[in-house]
Amino acid sequence: MLRCPIATPVRTSFGTMHDRPAVFVRVEDADGSVGWGEIWCNFPSCGAEHRARLLETVLAPLATSRAFTGPAEAFEWLSARTAVLAIQSGEYGPIAQVIAGIDLALWDLCARRAAQPLWRYLGGSSGEVVAYASGINPDRPQDIVAAKRDEGYRAFKLKIGFGKERDLENLRALRALLGPATPLMVDANQGWTLDEARAMAPSLAEFDLGWLEEPLRADRPWREWRELARETRIPLAAGENVVGHEAFEIAIDSRTLSVLQPDLAKWGGISGCWPAVQRAHAAGVRYCPHYLGGGVGLLASAHVLAAAGGDGILEIDANPNPLRTELMGPLLRLREGRASLGDAPGIGITPDLKRLAEVCARGS
């Protein structure tokens, strides 16, 4: 578990991050092959320590108690084995997130053992991905967008949900900077009721947005999403807070989402999310993975996106996070919004934990 102080807090409609945490998972098989994964732990602020303890005391002992034929078997068994515990404790999310991190590490291990990059091991034909700069804060967003454009980004996502006047002022500033052709998306972070979203949607229409992400709470009934979808031409996006095979089936079958955004480190890892990605493609829904953590999970998300194919784009947080930038590998520098993941085995990097601890001690 690592935690790195940051100078500029990351703001959402529901909370603020004053530092950047990460929980990395290292797995090793009987033959000495190693793989790396990451557990989602952004919120609440104590979440990283909590997930690390769940890993150490509950999931790691279970995962090492028997042999598995592959990651998918391990994922399903761990999920079933902890299902009652999750109900009894009310810890559905944290337990699922720890299992997801283990799953990511197991897939990385398998790809490394096969001496293949993860994208190829998953059946992909190309290691190239298109990325966008995400998590853009509401305080003078044009400054960070201009800086990220200079770094090679060609698509951007702004956080909204901070009041109509402020949101629209920021969107006008970004469109003035970027012009009409640059892809621009917005994320409301579950910040509105259906009535509030209905009232806001017409004002957003003029900005030709690529999508409107989580305008409603993720636990609202799909009929509310359908009502909103009927009233706006802006594509709706969600998925980072959808949990479980059945829930993803219902989300896709609702035909309200144009963009599906599962977070591999939050639920499912690859074993759980890959079927949802395939189902989304079959239904004509665009797959764009959600991600807002450290570099291990980001690279895993990039490899899955590359393997899946299609026109999806990779979310890369625009905010400072040394636990991401130190591990981004080929994603550190984009060329016209694109990166090639290369042919190194697995996700292509091995975290240097000593160096990361030193970086955290210095802060950003």
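Residues numbered from 1 in each chain as written. Predicted model: local features only at pLDDT ≥ 70, side-chain atom pairs only at ≥ 80, totals over all residues. Heavy atoms only, no water.

Moving on, we come to the sheet that holds strand E3 (residues 34–39). The strand order E1-E2-E3 describes an open sheet built from three strands, whose pairing is antiparallel. Two strands lie at the open edges of the sheet, namely strand E1 (2–11) and E3, each paired on one side alone. In this sheet, adjacent strand axes meet at a mean angle of 30 degrees when their direction is disregarded. Here helix H4 (residues 92–113) sits on the sheet and contacts strand E2 (16–28) and E3; the angle it forms with E3, its principal contact strand, is near 155 degrees. (Pairing = 2+ DSSP bridges. Helix = DSSP H or I, 4+ residues; strand = E, 2+ residues; numbered from the N terminus. Axes fitted to C-alpha atoms, helices over the stretch in contact; angles between N-to-C directions. Contact = heavy atoms within 4.5 Å.)

Moving on, we come to the nonpolar core. One finds Leu-59, Leu-204, Leu-314 and Leu-331 to be the most contacted residues of the largest nonpolar core, which totals 109 residues. Excluding residues within four positions of it along the chain, Leu-59 makes contact with Leu-54, Leu-78, Thr-82, Ile-95, Val-98, Ile-99 and Ile-102. Grouped together as the second largest cluster of nonpolar side chains are eight residues, Tyr-132, Met-185, Ala-237 and Cys-288 included. (Core = buried A, V, L, I, M, F, W, Y, C linked by side-chain atoms within 4.5 Å. Buried < 20%, exposed > 50% of the residue type's maximum accessible area, 1.4 Å probe, protein only.)

Relative to the elements of secondary structure, Thr-82 occurs in the loop between helix H2 (71–81) and helix H3 (83–89). Classification of Thr-82 by relative accessible area gives buried; the value is 3%. One polar contact links the side chain of Thr-82 to the main-chain carbonyl oxygen of Leu-78, over a distance of 2.7 Å. Discounting chain neighbours no more than four positions away, the residues touching Thr-82 are Leu-59, Leu-62, Ile-95 and Ile-99. (Polar contact = N/O pair within 3.5 Å; in protein donor to acceptor, adjacent residues only side chain to side chain.)

Looking now at the pattern of salt bridges. On inspection of all chains with the given rule, the structure shows 26 salt bridges. The partner of Arg-3 in a salt bridge is Glu-49, with the nearest N and O atoms 2.7 Å apart. With a gap of 46 residues between them, Arg-3 in strand E1 and Glu-49 in helix H1 (residues 47–63) connect regions that are remote in the sequence. Accessibility expressed as a relative area gives 22% for Arg-3, which makes it partly exposed. The partner of Asp-317 in a salt bridge is Arg-20, with the nearest N and O atoms 2.8 Å apart. Within this pair, whereas Asp-317 is found in strand E11 (residues 314–317), its partner Arg-20 is found in strand E2, the two being separated by 297 residues in sequence. Across this residue pair, the class does not change: Asp-317 and Arg-20 are buried. Linked through salt bridges whose partners overlap, the residues forming this network are Asp-195, Arg-198, Glu-227 and Glu-231. (Salt bridge = Lys/Arg side-chain N within 4 Å of Asp/Glu carboxyl O.)

The analysis is restricted to geometry; functional conclusions fall outside its scope.
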